[in-house]
Amino acid sequence: MKTWFHAVEMTLLVMVGLRVLSGLIELTAAGLMLRFNSVEKAIGLNAMLVIIGPTIFITSIAVGLIGMSDRLSISKFAFIGAGVLLILIGIRK
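Reference entry: report on the structure contained in this document. The model shown is predicted, which means the values in this text are computed figures rather than measured ones.

So, how was this worked out
Residues numbered from 1 in each chain as written. Predicted model: local features only at pLDDT ≥ 70, side-chain atom pairs only at ≥ 80, totals over all residues. Heavy atoms only, no water. Helix = DSSP H or I, 4+ residues; strand = E, 2+ residues; numbered from the N terminus. Rg over C-alpha atoms; globule rule 2.2 N^0.38 Å. Buried < 20%, exposed > 50% of the residue type's maximum accessible area, 1.4 Å probe, protein only. Contact = heavy atoms within 4.5 Å. Areas by Shrake-Rupley, 256 points an atom, 1.4 Å probe, with all protein chains shown as cover. Axes fitted to C-alpha atoms, helices over the stretch in contact; angles between N-to-C directions. Parallel < 35°, antiparallel > 145°, perpendicular 65-115°, else oblique. Nonpolar A, V, L, I, M, F, W, Y, C, P; charged D, E, K, R; others polar. Phe/Tyr/Trp six-rings, centres within 6.5 Å; stacked < 30°, edge-to-face > 60°. Lys NZ or Arg CZ within 6 Å of the ring centre and 35° of its normal. Polar contact = N/O pair within 3.5 Å; in protein donor to acceptor, adjacent residues only side chain to side chain.

What the chain contains, in helices and strands, is four helices and zero strands. For the chain, the sequential pattern of α-helices and β-strands runs α-α-α-α. The C-alpha atoms of the chain give a radius of gyration of 17 Å, which is well past the 12 Å a tight globule of 93 residues would have. Principal-axis analysis of the C-alpha atoms places the extent of the chain at approximately 50 × 40 × 10 Å. When the 93 residues of the chain are sorted by exposure, 16% land in the buried category. Partitioning the contacts of the chain with sequence separation of at least 6, the portion at a separation of at least 24 is 59%. Per element, the accessible surface of the chain, about 7200 Å² overall, is 74% carbon and sulfur.

Where helix α2 (residues 10–36) meets helix α3 (residues 39–67), the closest approach of the two axes is 9 Å, and the angle between their N-to-C directions is 175°. One finds that α2 runs roughly antiparallel with respect to α3. Of the residues belonging to the contact of α2 with α3, the class tally is 15 nonpolar, seven polar and three charged.

Following the criterion strictly, the structure yields zero aromatic pairs and no others. Lying over the aromatic face of Phe36, Lys41 brings its terminal NZ or CZ to 5.0 Å of the ring centre.

Before going further, it helps to spend a moment on the environment of Thr55. Inspection of the secondary structure puts Thr55 in helix α3. Distance in space between the C-alpha atoms of Thr55 and Thr28 is 17 Å, their sequence separation being 27 residues. Within polar-contact distance, the side chain of Thr55 engages the backbone oxygen of Ile51 at 2.6 Å.

Below, the discussion takes up unusual backbone geometry. Although it is not a glycine, Asn37 adopts a positive phi angle of roughly 55°. Secondary-structure assignment places Asn37 in the loop between α2 and α3. On the accessibility criterion, Asn37 (69% relative accessible area) is exposed.

Purely geometric numbers; function is a separate question.
Here you go:
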């Protein structure tokens, strides 16, 4: 097990950790919705989740790009940044 852990890049572990954290937050919110048994409170929890999802997404992309910074050219960074921007615009409208 120790050998496997050292073979995985630290950047990847951070990205995976962010996604696991995001999933745990989502599951916690779902449990709270069931516990409160109220549509109004469920809508409030969903409103809070709207902030968390894109934040985790942007942070995960940023960590990945920083991890790949020595392997990418400036033009590729620009294309990736434009793609992320288009995704965020697409989910907003």
